[in-house]
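Residues per chain are reported as follows:
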Amino acid sequence: HYGVIYAHSIHIQNTAGAHPRGVEFEFAKRLVDEKTKNYYGCFSRTGFMFSYFDFNTRILGKAYSLSYFLEPNYRLGNNVDFFIKGAAGLSYLTNPHDSIKNPANQTYSLPINFFMSVGTGLDFKINRHISFGLMASFEHNSNGGFAQPNRGINYPSASLAIKYNPVDNTTP
């Protein structure tokens, strides 16, 4: 992942221009049966992902997230799928607001935060087991208002992926 902090409030302009970088690991199950197709109108992937982001600014620190995701897939051709991905979970953020140690961080004030992500992209099948993905997403971390300040961290990102499926990655 490579992104940019969206400084949506005057109170967090000190984080504008930071470029978060991250990696993500997923454990997923592909649902390519007729029951799934008939019920949802598409096939999908679902599972858990662990992500790590370095926000590229001392003010914000780093984030470690664990989340559940759902990814509907739509076949565009023999070797290309379009997908939409949504994820929700929890993050551990390393440098919360502290009136003495980190007063500049007005985005979050607790180390544990909610994590949400939504994105879309394309998967290009290389062979029956490996695919290459391109994705654009919008990530968000917030403590849900449990403590102040809590303006949240918002960052759109672009990512590249290599996906391995031990069974078969063919979309019917």
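Structural notes, computed from the coordinates. Predicted, not measured: the structure shown is a model, and the values here were computed from it.

**Quick look at the environment of Ile-12**
For step 1, the next point in the chain: You can see Ile-12 is positioned in the loop between strand E1 (2-3) and strand E2 (21-31).
For step 2, the next point in the chain: Along the backbone, Ile-12 and Thr-107 are 95 residues apart, and their C-alpha atoms lie at a distance of 6.6 Å.
For step 3, the next point in the chain: What Ile-12 contacts, discounting residues up to four positions off in sequence, is Tyr-6, Ala-7, Gln-106, Thr-107, Arg-151 and Gly-152.

**Side note on the layout of surface pockets**
For step 1, the next point in the chain: Computed from the structure, the largest pocket encloses a volume of approximately 680 Å³.
For step 2, the next point in the chain: Contributing to the lining of the largest pocket are 28 residues, with Glu-26, Arg-45, Ile-162, Lys-163 and Tyr-164 lying nearest its centre.
For step 3, the next point in the chain: Elements with a minimum of two residues in the lining of the largest pocket: E2, strand E5 (80-93), strand E6 (112-125), strand E7 (130-142) and strand E8 (153-164).
For step 4, the next point in the chain: Among the elements that take part in the lining of the largest pocket, E2 stands out by supplying seven residues, more than any other.
For step 5, the next point in the chain: Classifying every residue of the lining of the largest pocket gives twelve nonpolar, six polar and ten charged.

**Some details on the side chain of Asp-81**
For step 1, the next point in the chain: Considering the arrangement of structural elements, one finds Asp-81 in strand E5.
For step 2, the next point in the chain: Separated by 3.0 Å, the side chains of Asp-81 and Lys-125 make a polar contact.
For step 3, the next point in the chain: At a separation of 2.4 Å, a polar atom in the side chain of Asp-81 contacts the side chain of Thr-171.
For step 4, the next point in the chain: With near-sequence residues (within four places) excluded, Asp-81 lies in contact with Arg-30, Asn-73, Tyr-74, Arg-75, Leu-76, Gly-121, Leu-122, Asp-123, Lys-125 and Thr-171.

**Brief notes about the side chain of Lys-85**
For step 1, the next point in the chain: Along the chain, Lys-85 turns up in strand E5.
For step 2, the next point in the chain: Judged by relative accessible area, which is 5%, Lys-85 ranks as buried.
For step 3, the next point in the chain: A distance of 3.1 Å separates polar atoms of two side chains, one belonging to Lys-85 and the other to Glu-24.
For step 4, the next point in the chain: Apart from residues lying up to four places away in sequence, Lys-85 is in contact with Glu-24, Glu-26, Met-49, Phe-69, Leu-70, Glu-71, Ser-117, Val-118, Gly-119 and Met-135.

**Considering unusual backbone geometry**
For step 1, the next point in the chain: The amide bond that connects Gln-148 to the next residue, Pro-149, takes the cis arrangement and shows omega of 5 degrees.
For step 2, the next point in the chain: Relative to the helices and strands, Pro-149 is located in the loop between E7 and E8.
For step 3, the next point in the chain: Its identity as a non-glycine residue notwithstanding, Asn-56 has a phi of 65 degrees, on the positive side.
For step 4, the next point in the chain: Along the chain, the position of Asn-56 falls in the loop between strand E3 (43-54) and strand E4 (62-77).

**Observations regarding the packing of aromatic side chains**
For step 1, the next point in the chain: Taken as a whole, this structure holds seven aromatic pairs when the rule is applied.
For step 2, the next point in the chain: Where Phe-53 meets Tyr-155, the ring centres are 5.1 Å apart and the plane angle is 70 degrees; that geometry is what we call edge-to-face. Taken together, the positions of Phe-53 in strand E3 and Tyr-155 in strand E8 put the pair 102 residues apart, joining distant regions of the chain. Each member of the pair, Phe-53 as well as Tyr-155, carries the same accessibility label: buried.
For step 3, the next point in the chain: On the numbers, 6.3 Å between centres and 35 degrees between planes, the contact of Phe-114 with Phe-146 is tilted. Of the two residues, Phe-114 sits in strand E6 while Phe-146 sits in the loop between E7 and E8, which places them 32 residues apart along the sequence.

Conventions we followed
- Residues numbered from 1 in each chain as written.
- Predicted model: local features only at pLDDT ≥ 70, side-chain atom pairs only at ≥ 80, totals over all residues.
- Heavy atoms only, no water.
- Helix = DSSP H or I, 4+ residues; strand = E, 2+ residues; numbered from the N terminus.
- Contact = heavy atoms within 4.5 Å.
- 1 Å grid on protein atoms, 1.4 Å probe; cavity = no way out; pocket = protein on both sides within 12 Å on 5 of 7 lines; lining within 4 Å.
- Points joined across faces, edges and corners; volume = space filled by probe spheres on them.
- Nonpolar A, V, L, I, M, F, W, Y, C, P; charged D, E, K, R; others polar.
- Polar contact = N/O pair within 3.5 Å; in protein donor to acceptor, adjacent residues only side chain to side chain.
- Buried < 20%, exposed > 50% of the residue type's maximum accessible area, 1.4 Å probe, protein only.
- Phe/Tyr/Trp six-rings, centres within 6.5 Å; stacked < 30°, edge-to-face > 60°.

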